[in-house]
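A structural walkthrough
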Amino acid sequence: MKNINFVGQKIANMPWEECPTNANEPVWRYSKNPIIDRNPVANIARIFNSAVIYHQKMYYGIFRAEDKSTLPNLRLGTSSDGINWDIEDHTLDIIDQQGQKVRLYYAYDPRLTEIEGKFYITYCTDFFGPTVGLIVTEDFKTFIRLENPFIPYNRNGVLFPRKINGLYKILSRASDNGHTPFGDIFSSDSPDLSFWGQHRHVMERGGSGWWQGLKIGAGPTPIETSVGWLLLYHGVTNTCNGYVYSMGGAILDLEEPSKVLYRSKNYLLTPEVKYEEVGFVPNVVFPCSCLVHEDGRLAIYYGAADSYVALAFSTIDKIINYIVENHETVGRDQDYGK
């Protein structure tokens, strides 16, 4: 496809490496991965599956940080280059809408989305079982917990970066407790970020390949392009040695994102190097955020082996063309998902 328009940012110093000359894949890894190693701060064993955003010449990160009791929680980090991070030595300071301090029992796998000048953190939280939580900040100093969008059990909540037909929209994966052995992606609408409804089926697991046969879940904030919403997501398979998480790509209709226009039958990235294959949970590539430069470059942050934060790169043209050229229709993906 030619002349693809998209929404990007002017980022003066975005992390970037050119595609290796001998590479034929649509996504390539940063040569100095991982960018966050094990035991990165005092009393923290691992940071992974974390969200990054660029704002006013600074990178902000909301990190999944697991302490040495193995409980996950959220921590704020800042960086001038998106690679080297200063991470706070305490969990995120959160208040509720009445101004009272909130202590999250556990919180993990955050995503970070800007909508109309506010920054929203979606994450998995404990509410008598795992579900999607929601936090808002305007300055990365004051963090306010909003009402949970869903009851248990749900994960992988990802907001769209603008209202669609006057409504906020979120992707999620309904599930059961524990490590769900199934799961499709759904969307839900809200007029006010408090009351959610008009649920639609978006994408189902499966396809001609093994890599997404067990379950799927939305990854970074969808990217608006003239072709449709570019969605990076994770797909999971079950093997004789456990789950394997890979990254896939799809393009959703701009005005009705429950319609899948294109979906790659091939994964975009799968565990193939040591820091993805060996770790606390082996064989995991888990994308959580993506920086979009106004010139079309993409910097994708992903969790590796539940132990590290890593970076990969692509471009809008390269990744969209790959998805379109390798498209397959899976089940009812292209239906209006009522």
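Here goes a summary of the coordinates provided.

Cut-offs applied
- Residues numbered from 1 in each chain as written.
- Predicted model: local features only at pLDDT ≥ 70, side-chain atom pairs only at ≥ 80, totals over all residues.
- Heavy atoms only, no water.
- Patch = residues over 30% accessible without salt bridge, like charges linked within 9 Å, V, L, I, M, F, W, Y side chains within 5 Å.
- Areas by Shrake-Rupley, 256 points an atom, 1.4 Å probe, with all protein chains shown as cover.
- Salt bridge = Lys/Arg side-chain N within 4 Å of Asp/Glu carboxyl O.
- Helix = DSSP H or I, 4+ residues; strand = E, 2+ residues; numbered from the N terminus.
- Buried < 20%, exposed > 50% of the residue type's maximum accessible area, 1.4 Å probe, protein only.
- Phe/Tyr/Trp six-rings, centres within 6.5 Å; stacked < 30°, edge-to-face > 60°.
- Pairing = 2+ DSSP bridges.
- Contact = heavy atoms within 4.5 Å.
- Axes fitted to C-alpha atoms, helices over the stretch in contact; angles between N-to-C directions.
- Core = buried A, V, L, I, M, F, W, Y, C linked by side-chain atoms within 4.5 Å.
- Polar contact = N/O pair within 3.5 Å; in protein donor to acceptor, adjacent residues only side chain to side chain.

Moving on: a nonpolar patch on the surface. On the surface, F127, F128 and I151 cluster together into a nonpolar patch covering about 390 Å² of accessible area. Residue placement: I151 occurs in the loop between β11 (143-145) and β12 (154-159).

This paragraph deals with unusual backbone geometry. Glycine aside, a negative phi is what most residues show, and trans is what most peptide bonds show. For the peptide bond that leads from N33 to P34, omega is -10°, which places it in the cis range. Along the chain, the position of P34 falls in the loop between β1 (28-29) and β2 (44-55). In this structure, N156 is a non-glycine residue whose phi angle is positive, near 55°. Even without being glycine, D306 reaches a positive phi, approximately 50°. By the secondary structure assignment, D306 is in the loop between β22 (297-304) and β23 (308-315).

Scanning the entire structure with this criterion turns up 12 salt bridges. Between E66 and R46 there is a salt bridge, and its shortest N-O distance comes to 2.2 Å. Of the two residues, E66 is situated in strand β3 (residues 58-67) and R46 in strand β2; the sequence distance between them amounts to 20 residues. Accessibility classification places E66 together with R46 in one group, the buried group. For D93, the salt bridge is made with K101, and the minimal N-O distance between the two is 3.5 Å. The exposure class of D93 is partly exposed, given its relative accessible area of 40%. Judged by its relative accessible area of 65%, K101 is exposed.

With that out of the way, let us pick up the packing of aromatic side chains. Summed over the entire model, instances satisfying the criterion amount to 17 aromatic pairs. Relative to Y267, the ring of W210 lies with its centre 6.2 Å away and its plane at 55°, an arrangement referred to as tilted. Here Y267 lies in the loop between β20 (260-263) and α1 (274-277) and W210 lies in the loop between β15 (197-203) and β16 (215-218), a separation of 57 residues in the sequence. For the ring pair Y245 and F286, a centre distance of 6.1 Å and an interplane angle of 50° mean the geometry is tilted. Of the two residues, Y245 sits in strand β19 (residues 242-252) while F286 sits in strand β21 (residues 285-292), which places them 41 residues apart along the sequence. With respect to class, Y245 is no different from F286; both count as buried.

Hydrogen bonds along the backbone pair up the strands of a sheet, which may run parallel or antiparallel. The antiparallel open sheet is built from 4 strands, whose spatial order is β1-β23-β22-β21. The open sheet terminates on both sides in strands that have one partner only, identified here as β1 and β21. Where β1 and β23 come together, 2 bridges link them in antiparallel fashion. Along β23, the bridge assignment pairs W28 with F313. In the packing of helix α2 (residues 316-325) onto the sheet, the strands contacted are β1, β21, β22 and β23, and the crossing angle to β23 comes to about 85°.

Here we take up the nonpolar core. Counting 26 residues, the largest nonpolar core has M247, Y302, I316, I319 and I320 as the members making the most contacts within it. Mapped onto this core, the elements with two or more residues apiece are β18 (229-239), β19, β21, β22, β23 and α2. Considering each element in turn, this core owes the most residues, 5 residues, to α2. Judged by nonpolar contacts, the second largest core, of 22 residues, contains I47, Y59, I83 and I87.

Moving on, we come to the pairing of strand β8 (residues 107-115). Across the 9 residues of β8, 8 count as buried, placing the element largely inside the fold. Where β8 lies against strand β9 (residues 118-126), 7 bridges are found, and the strand directions are antiparallel. Counterpart to E114 in the pairing with β9 is F119. The hairpin turn running from β8 into β9, its antiparallel successor, is 2 residues long, and E116 in that turn takes a positive phi close to 55°.

Right, let's get into the sheet that holds β12. Reading across the sheet, the 4 strands line up as β12-β13-β14-β15 and stay open at both edges, with antiparallel pairing between neighbours. Two strands lie at the open edges of the sheet, namely β12 and β15, each paired on one side alone. Between one strand and the next, the sheet's axes are offset by a mean angle of 30°, whatever the strand orientation. Summarising the sheet, strand β14 (residues 185-190) and β15 pair through 4 bridges and their orientation is antiparallel. In the sheet register, I185 faces β15, and the bridge partner there is M203.

Below, the discussion takes up the environment of R46. Take R46: its relative accessible area is 6%, and that puts it in the buried class. Between the alpha carbons of R46 and D306 there is a distance of 7.6 Å; along the sequence they are 260 residues apart. Those residues in contact with R46 that sit more than four places away from it in its chain are R38, R64, A65, E66, F280, D306 and S307. In terms of polar contacts, R46 uses its side chain to reach the side chain of E66, at 2.2 Å. One polar contact links the side chain of R46 to the main-chain carbonyl oxygen of D306, over a distance of 3.2 Å.

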